[in-house]
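Structural description and commentary
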Amino acid sequence: MMVRVEATGTLERRMRVELPAERIEQEVETRLKKVGRTARIKGFRPGKVPTRVVRQRFGGQIRQEVLSELMQQSYSDAVQQEKLNPAAGPRIEPVPAEDGKSFAYVATFEVLPEIELKDLDKIKVVTPEVEITDEDREDMLTNLRQQKATWEAAEREAKEGDRVIVDFEGKLDGEPVKGGQGTGVPVVLGLGHMLPEFEKALNGMRAGEEKDFQVTFPEDYHAAHLAGKTVDFHVRVERVEEQKLPPLDDSLAELYGVTEGGLEQLRQDVVANMRREANERVRADVKEQVLKGLLETNPIEVPKSLVEREMHAQQHEAMHRLGIEDPAKAPPVENFRELAERSVRLGLLLRQVIEDAGLTLDHERLKRKVEDICSSYEDPEAMAASWLGNRELLARLEPIVLEEQAVDWLVEQGEASSRKVGFREYMKPQGPATRAT
C-alpha cells in the first residue's frame, strides 16, 4: 500500500492511497472460490459450478464488495500509519493509478488540531461567597406566602401590591395597535410585568373608573412596530383586588407539606433550599469564568466538519424545544454557527485539559451528582438507587461529571479569589421582561 498525504489547509488533508492489483485480485479469487462452493445455479450441482460461470454471475458484485471493504480497511491503516487524527469521516474518490493497474483513491478529510495548552495560570476566577441573612430567609417566606395568597375585592383606590383587573385598548395615530387590546387582564402593580407608565396610570383608580393616557415604548422594545412610539390607551378598571396572605405560623408549613416541626422546620428547609440554589448559581458562575478564560488564552482553529455537525444538532434541539416538526419551518441553521463554534472549541480544549491533567472519572462524585439530582423526588434514596443501576443514564452523566472535574482543576491552576455577596443581590433576575401593555 502506497500512501501520500498533502495538507490542503490548516486542518484539511488530502491522502492518496494505492492498493496493489495483486492484493485485490487475490481477495476476489478467494471469495469467488468460497461462493463457488455454495452457489446454486440451474444446470449445475452445488460445488460443481465452473469458475468461469461463477465469475460471470458474481464477479462484478464481489469485486465491488472487495474494493469497498479494502478502501475502508486501507483508509484506517493509512491514517494510523501516517499518525493522523481525523475529525470526521472522509470524502473518498477513486482516481487513476499511476501504473495503470493498481487501485487508487483520494480521501479528503479534516484532522483535529494539535493543542498545546498555555497560560492556564492566567485564567482569573472570582468565586462568590453568598451570605444568607435572616432577612433573606423571611423574604423567601413572604414569597411562599404570596404563592398561597388569595385575592379579595377592595372597595378603594388601587395601590402597589394590588391586582387590578382591566379592559384596555391601545391606538397608534388613531388606529388600533396589534396586540394592544385586552379584556379582564390582571395586572399586579409593582411587579413590573407591564411598562412603568402603564402601571403608574392604574395607581389610584377604582373599580368602574375609566382613563385615557399615553405610553411611550422604549427604543429597544421587542415589537419593532412599537419601538420608540407613543401609544394612546383607554382603560377601564373592572375591579381592584387586595392580596390576603396566609398567616406566618405552622399552618403555612402544612400548606407546603411540612408535617413535623411546623414553621421552624419550614424555615430550616427554606434556608437549605436557598443555599442549594446559591451553590448551583456559584458553580455555573465559576464554570463560565473558567471556560471564558480557557477560550481567551487558547485560541484554536476548529474543523469545519465538526462545527457543521454541531450546528445541525443545535438546530434539531431547537426544533424539539419549540415543538417544530416541519423542517421547512426550522430556524436557519446558520443562526447556530457562533454557538456551535464555541461548543466545538470548548469540547476540544476540555478534552486536552482532561488528557494533560490525567483526569479519570471520580465515581464518588458521580454518585453525589445522582443523589443531588434525585434529592427533590418523593423517595430520593430509591430514585438514586434506580439511577445508579441504569447504565444508559449514567453514561449521560459521566462526561458532565468529568467536565466538572476539569473545571475544578483549571480553577486550581488559575488566579483564584473570592468576594462576599448578599443572597438577594446575587440571585436577583437580570431584569423583568415587560409586555407590550
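This text follows the structure it describes.
Read on for a plain summary of the structure. Starting afresh in each chain, residues are numbered from 1 along the sequence in its written order. Residue-level local features of this predicted model are given only where pLDDT is at least 70; pairs of side-chain atoms are given and counted only at 80 or more, and the full residue set underlies all totals for whole chains, interfaces and linings. As a rule here, side-chain values come from all non-hydrogen atoms in the structure, and water together with hydrogens is ignored.

Quick word on the overall build of the protein
Numbering of helices and strands starts at the N terminus; helices are DSSP runs of H or I of at least 4 residues and strands are runs of E of at least 2. Looking only at helices and strands, the protein features twelve helices and eleven strands. Here the radius of gyration uses the C-alpha set of atoms, whereas the globule reference equals 2.2 Å times the residue count to the power 0.38. Relative to its length of 437 residues, the protein is extended, with a C-alpha radius of gyration of 34 Å against a globular reference of 22 Å. Counting only C-alpha atoms, the protein reaches 105 × 55 × 50 Å along its principal axes. A buried classification covers 36% of the 437 residues belonging to the protein. In what follows, residue pairs with any heavy atoms lying within 4.5 Å of each other are defined as contacts. Residue pairs in contact within the protein that sit at least 24 positions apart in sequence constitute 69% of those at least 6 positions apart. Throughout, the Shrake-Rupley method with a 1.4 Å probe supplies accessible areas, and for residues the shown protein chains are the sole cover considered. For the protein, the exposed area adds up to about 27,000 Å²; of that, 47% sits on carbon and sulfur atoms. Residues scored as positive are Lys and Arg, those scored as negative are Asp and Glu, and His as well as the terminal groups of each chain are ignored. By convention, charge coordinates are those of NZ in Lys, CZ in Arg, CG in Asp, or CD in Glu. Each charge class in the protein can be summarised by its mean position, and for the 64 positive and 83 negative side chains these summaries are 10 Å apart. Exposure is judged per residue with a 1.4 Å probe applied to protein chains only, and the accessible area is read against the type maximum: over 50% gives exposed, under 20% gives buried, and values in between give partly exposed.

Looking at the pattern of salt bridges
Here, a salt bridge means any Lys or Arg side-chain nitrogen found within 4 Å of an Asp or Glu carboxyl oxygen. For the structure on display, the rule yields 27 salt bridges. The partner of R365 in a salt bridge is E404, with the nearest N and O atoms 3.7 Å apart. Taken as a pair, R365 in helix 9 (residues 363-374) and E404 in helix 11 (residues 391-413) lie far apart in primary sequence, 39 residues in all. Salt bridges sharing common partners tie together D134, R137, E138 and R267.

Quick look at the packing of aromatic side chains
Two rings from Phe, Tyr or Trp (for Trp, the six-membered ring) form a pair when their centres sit within 6.5 Å of each other. Planes less than 30 degrees apart are called stacked, planes more than 60 degrees apart edge-to-face, and all others tilted. Scanning all chains against the criterion turns up eight aromatic pairs. Considering the side-chain rings of F103 and Y105, the 6.3 Å spacing of their centres and the 40° angle between planes classify their relative orientation as tilted. The exposure classification of F103 matches that of Y105, with both residues buried. With centroids separated by 5.6 Å and ring planes inclined at 70°, the aromatic side chains of F198 and F213 adopt a geometry described as edge-to-face. Taken as a pair, F198 in helix 4 (residues 196-202) and F213 in strand 9 (residues 210-216) lie far apart in primary sequence, 15 residues in all.

Section: the nonpolar core
To qualify as a nonpolar core, a set must consist of buried Ala, Val, Leu, Ile, Met, Phe, Trp, Tyr and Cys residues joined through side-chain atoms within 4.5 Å. With 48 residues, the main nonpolar core has L266 and L294 as its most contacted residues. Secondary-structure elements contributing two or more residues to this core are strand 5 (124-131), helix 3 (134-147), helix 5 (250-255), helix 6 (262-297), helix 7 (304-322), helix 8 (337-357), helix 11 and helix 12 (423-427). Element by element, the count of residues in this core is highest for helix 6, at eleven residues. Excluding anything up to four places from it in sequence, L294 contacts L117, L120, I123, L349, L350, V353 and L410.

Overview of the packing of helix 9 against helix 11
Fitted lines through C-alpha atoms serve as axes, helices being fitted only where they are in contact, and the angles separating the N-to-C directions of these axes extend from 0 to 180 degrees. Viewed as axis vectors pointing N to C, helix 9 and helix 11 meet at an angle of 115°, and their least axial separation amounts to 10 Å. One element, helix 9, and the other, helix 11, form an angle in the roughly perpendicular class. Of the two elements, helix 9 crosses helix 11, and the hand of that crossing is right-handed. On the side of helix 9, the interface is formed by R365, L366, K369, V370 and I373, while helix 11 contributes L394, L397, E398, I400, V401, E404, Q405 and D408. Amino acids outside the nonpolar list (Ala, Val, Leu, Ile, Met, Phe, Trp, Tyr, Cys, Pro) and the charged list (Asp, Glu, Lys, Arg) are all regarded as polar, and Gly is one of them. Residues of the contact of helix 9 with helix 11, tallied by class, amount to seven nonpolar, one polar and five charged. Orientation is classified from the angle alone, with under 35 degrees giving roughly parallel, over 145 giving roughly antiparallel, 65 to 115 giving roughly perpendicular, and any other angle giving oblique. For a crossing to be left-handed, the near helix must be turned anticlockwise from the far one by less than a right angle; the clockwise case is right-handed.

What to know about the packing of helix 3 against helix 6
Two numbers describe a pair of packed helices, the interaxial angle and the distance between the axes. Between helix 3 and helix 6, whose axes approach to 10 Å, the crossing angle comes to 105°. Overall, the two elements helix 3 and helix 6 adopt an arrangement that is roughly perpendicular. Together, D136, R137, E138, M140, L141 and L144 of helix 3 and L266, R267, V270, V271 and M274 of helix 6 make up the contact between the two elements. Of the residues assigned to the contact of helix 3 with helix 6, the class counts are seven nonpolar, no polar and four charged.

Digging into the environment of E138
Take E138: it is sitting in helix 3. Classification of E138 by relative accessible area gives partly exposed; the value is 22%. Measuring from C-alpha to C-alpha, the distance between E138 and A272 comes to 13 Å, with 134 residues separating the pair along the chain.

Comments concerning the side chain of E110
Tracing the sequence through the fold places E110 in strand 4 (residues 103-110). Buried charge without a salt bridge: E110, with K304 as the nearest opposite-charge side chain at an N-O distance of 4.8 Å. Reaching out from E110, the side chain makes a polar contact with the backbone nitrogen of S305 at a distance of 2.7 Å. Beyond its immediate chain neighbours, meaning those up to four positions away, E110 contacts L11, E12, N85, P86, A87, A88, P303, K304 and S305. Under the rule applied, a polar contact is a pair of N or O atoms within 3.5 Å (in protein, one hydrogen donor and one hydrogen acceptor; residues adjacent in sequence only if both atoms are side-chain atoms).

Structural notes on a negative patch on the surface
Any residue with relative accessible area above 30% and no salt bridge may belong to a patch, with like charges joined within 9 Å and the nonpolar Val, Leu, Ile, Met, Phe, Trp and Tyr side chains within 5 Å. Residues E277, E280, D362, E364, E371, D372, E378, D379 and E381 make up a contiguous surface patch of negative charge. Residue assignment for the negative patch shows that the elements contributing at least two residues are helix 6 and helix 9. Top element by residues in the negative patch is helix 9. It accounts for three residues. For E371, the position within the fold is in helix 9. On the basis of relative accessibility, which here comes to 39%, the residue E371 falls in the partly exposed class.

Brief notes about the sheet that holds strand 1 (residues 2-7)
In spatial order, the strands read 1-2-4-3; together these four strands make up an open sheet with antiparallel pairing. Both edges of this open sheet fall to strand 1 and strand 3 (91-95), since each of them pairs with a single strand only. Neighbour to neighbour, the strand axes of the sheet diverge by 20° on average, direction disregarded. When DSSP finds at least two bridges between two strands, those strands are taken to pair. Note: strand 1 against strand 2 (residues 12-19), six bridges, orientation antiparallel. From the neighbouring strand, E6 faces strand 2, where its bridge partner is R14. Together, strand 1, strand 2, strand 3 and strand 4 form the strand contacts of helix 2 (residues 51-81), whose direction differs from that of strand 4 by roughly 55°.

Side note on the pairing of strand 8 (residues 175-188)
Here strand 7 (residues 163-172) runs beside strand 8; their pairing, made up of eight bridges, is antiparallel. When the sheet's bridge partners are listed, V164 is paired in strand 8 with V187. In textbook terms, the turn of a hairpin is the stretch between consecutive antiparallel strands, and for strand 7 and strand 8 this stretch comprises two residues, one of which, D173, has a positive phi near 55°.

None of the figures reported here should be taken as evidence of function without further support.
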